[in-house]
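# Coordinate inspection notes
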Amino acid sequence: MKQLILLGSVTFLLTISFKLDASPFWVWPENKAGPVDTPTLGHSFSLDEKPVAARLRAVGDFALVSVIINGQWIAETSFFGQPIEVDVANRLRKGKNRLVLMCKATDGPSAVATEIRWKDAEGKEHGIGTDQNWTSKSGELKQTGDLGLESWWRAPGIIITETDDYNQWEEAKTATG
């Protein structure tokens with residue numbers, strides 16, 4: 001009986017730990033007039049060392065999102081597209097880093113979700129994701145959902161590297177098969 005109680009307690013604690021670590025959240029700023037059309041969101045974070053690997057995932061719902069890390073443009077989502085995934089290990093540095101999302105709303109309930117996950121030299125994984133702690137000069141951030149609990153968020157996304165051929169869609173249109 002004690003083993004069953006212990007197993008139930010461990011399962012409960014693991015569930016709570018997963019939910020506490022679940023991120024990113026859908027967010028969008030609102031002011032007194034309502035949702036903001038073209039907000040800029042930001043978040044600063046520090047790294048004790050340059051990561052050995054790092055991936056950014058971002059998605060916009062009824063929103064176009066341009067992602068900037070440390071002043072460098074990284075990628076842009078489409079208004080209704082799939083999540084993008086980008087290798088950003090070479091864009092992060094030891095010390096202070098700044099992640100900025102420049103957003104544009106379209107008709108509908110706009111929201112954005114973004115996360116960066118990285119590994120340090122010891123193989124330990126770390127991450128940050130959008131939540132109410134991000135900054136926006138446009139208004140107060142409203143948190144509307146937890147993507148960490150959605151299975152589709154963890155599925156592989158469209159991976160973009162610096163050497164990708166951005167004309168692939170043209171080639172696909174003319175391909176026969």
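In this numbering scheme, every chain counts its residues from 1 along its sequence in written order. Local features in a predicted model are, by the rule used here, given only for residues with pLDDT of at least 70; side-chain atom pairs are given and counted only at 80 or more, and totals for whole chains, interfaces and linings are based on all residues. Only heavy atoms go into the side-chain values, all of them from the structure, while hydrogens and water stay out.

As a further point, take the nonpolar core. Here, nonpolar core refers to any group of buried Ala, Val, Leu, Ile, Met, Phe, Trp, Tyr and Cys residues whose side-chain atoms link them within 4.5 Å. With a 1.4 Å probe rolled over the protein chains alone, any residue whose accessible area is under 20% of its type maximum counts as buried; one over 50% counts as exposed, and the rest are partly exposed. Val88, Leu99, Leu101 and Ile116 are the most contacted members of the largest nonpolar core, which totals 30 residues. Contacts between residues were defined by any pair of non-hydrogen atoms, one from each residue, lying within 4.5 Å. With residues up to four places along the chain from it excluded, the contact list for Val88 reads Ala54, Arg55, Leu56, Ile69, Ile74 and Ile116. Residues Ala111, Ala113, Leu147 and Trp153 belong to the second largest nonpolar core, which totals six residues.

Strands pair, by our definition, only if DSSP identifies at least two bridges between them. Each helix is a run of DSSP H or I of at least 4 residues and each strand a run of E of at least 2, with the numbering of both proceeding from the N terminus. Read across the sheet, five strands follow the order S6-S5-S8-S3-S11 without closing on themselves; strand pairing throughout is antiparallel. Because the sheet does not close on itself, it has two edges, and the strands there are strand S6 (72-76) and strand S11 (135-136). As defined by bridge partners, strand S5 (residues 63-69) adjoins S6 across four bridges and the pair is classed as antiparallel. Following the sheet pairing, Val67 is matched in S6 by Ala75.

The next thing to look at is the pattern of salt bridges. Every case where a carboxyl oxygen of Asp or Glu lies within 4 Å of a side-chain nitrogen of Lys or Arg is listed as a salt bridge. On inspection of all chains with the given rule, the structure shows four salt bridges. The salt bridge partner of Glu140 is Lys142, with a shortest N-O separation of 3.9 Å. Beyond isolated ion pairs, a larger network of salt bridges with shared partners links Arg55, Arg57 and Glu85.

Mapped onto the elements of the fold, Ser110 is located in the loop between strand S8 (95-105) and strand S9 (111-119). Using a relative accessible area of 13% as the deciding quantity, one classes Ser110 as buried. Here a polar contact means two N or O atoms within 3.5 Å. Within protein one must be a hydrogen donor candidate and the other an acceptor candidate, and residues neighboring in sequence count only if both atoms are side-chain atoms. A polar contact is formed between the side chain of Ser110 and the backbone oxygen of Phe62, at a distance of 2.6 Å. Beyond its immediate chain neighbours, meaning those up to four positions away, Ser110 contacts Trp28, Asp61, Phe62, Ala63 and Ala105.

Pairs were defined over the aromatic rings of Phe, Tyr and Trp, the Trp ring being its six-membered one, requiring ring centres within 6.5 Å. Orientation was assigned from the angle between planes: stacked under 30 degrees, edge-to-face over 60, tilted for the rest. Taken as a whole and judged by the stated rule, the model has three aromatic pairs. Taking the centre distance of 5.1 Å and the plane angle of 85° together, the rings of Phe62 and Phe80 count as edge-to-face. Of the two residues, Phe62 sits in the loop between strand S4 (53-61) and S5 while Phe80 sits in the loop between S6 and strand S7 (84-87), which places them 18 residues apart along the sequence.

This part covers the environment of Asn70. Within the fold, Asn70 resides in the loop between S5 and S6. When its relative accessible area of 16% is taken as the criterion, Asn70 is described as buried. A sequence separation of 22 residues divides Asn70 from Leu92, and the C-alpha atoms of the two residues are 7.6 Å apart. When residues no more than four places from it in sequence are discounted, the contact partners of Asn70 are Arg91, Leu92, Arg93, Lys96, Asn97 and Arg98.

Quick look at the confidence of the model for the chain now. How sure the predictor is of each residue is captured by pLDDT, a score from 0 to 100. Residue-level pLDDT values for the chain average 82, and 75% of them are 70 or greater. Considering only residues more than four positions removed or in separate chains, one finds that residues 6-22, a stretch of pLDDT under 50, has eight contacts.

With seven of its nine residues buried, S9 lies for the most part within the structure. The sheet contact formed by S4 and S9 spans nine bridges and is antiparallel. Looking across to S9, one finds that Gly60 is bridged to Val112. With five bridges connecting them, S9 and strand S10 (residues 125-129) associate as antiparallel partners. Each residue of the ladder has a partner; that of Trp118, found in S10, is His126. The loop that links S9 with its antiparallel partner S10 comprises five residues; one of these, Gly123, has a positive phi angle of about 85°.

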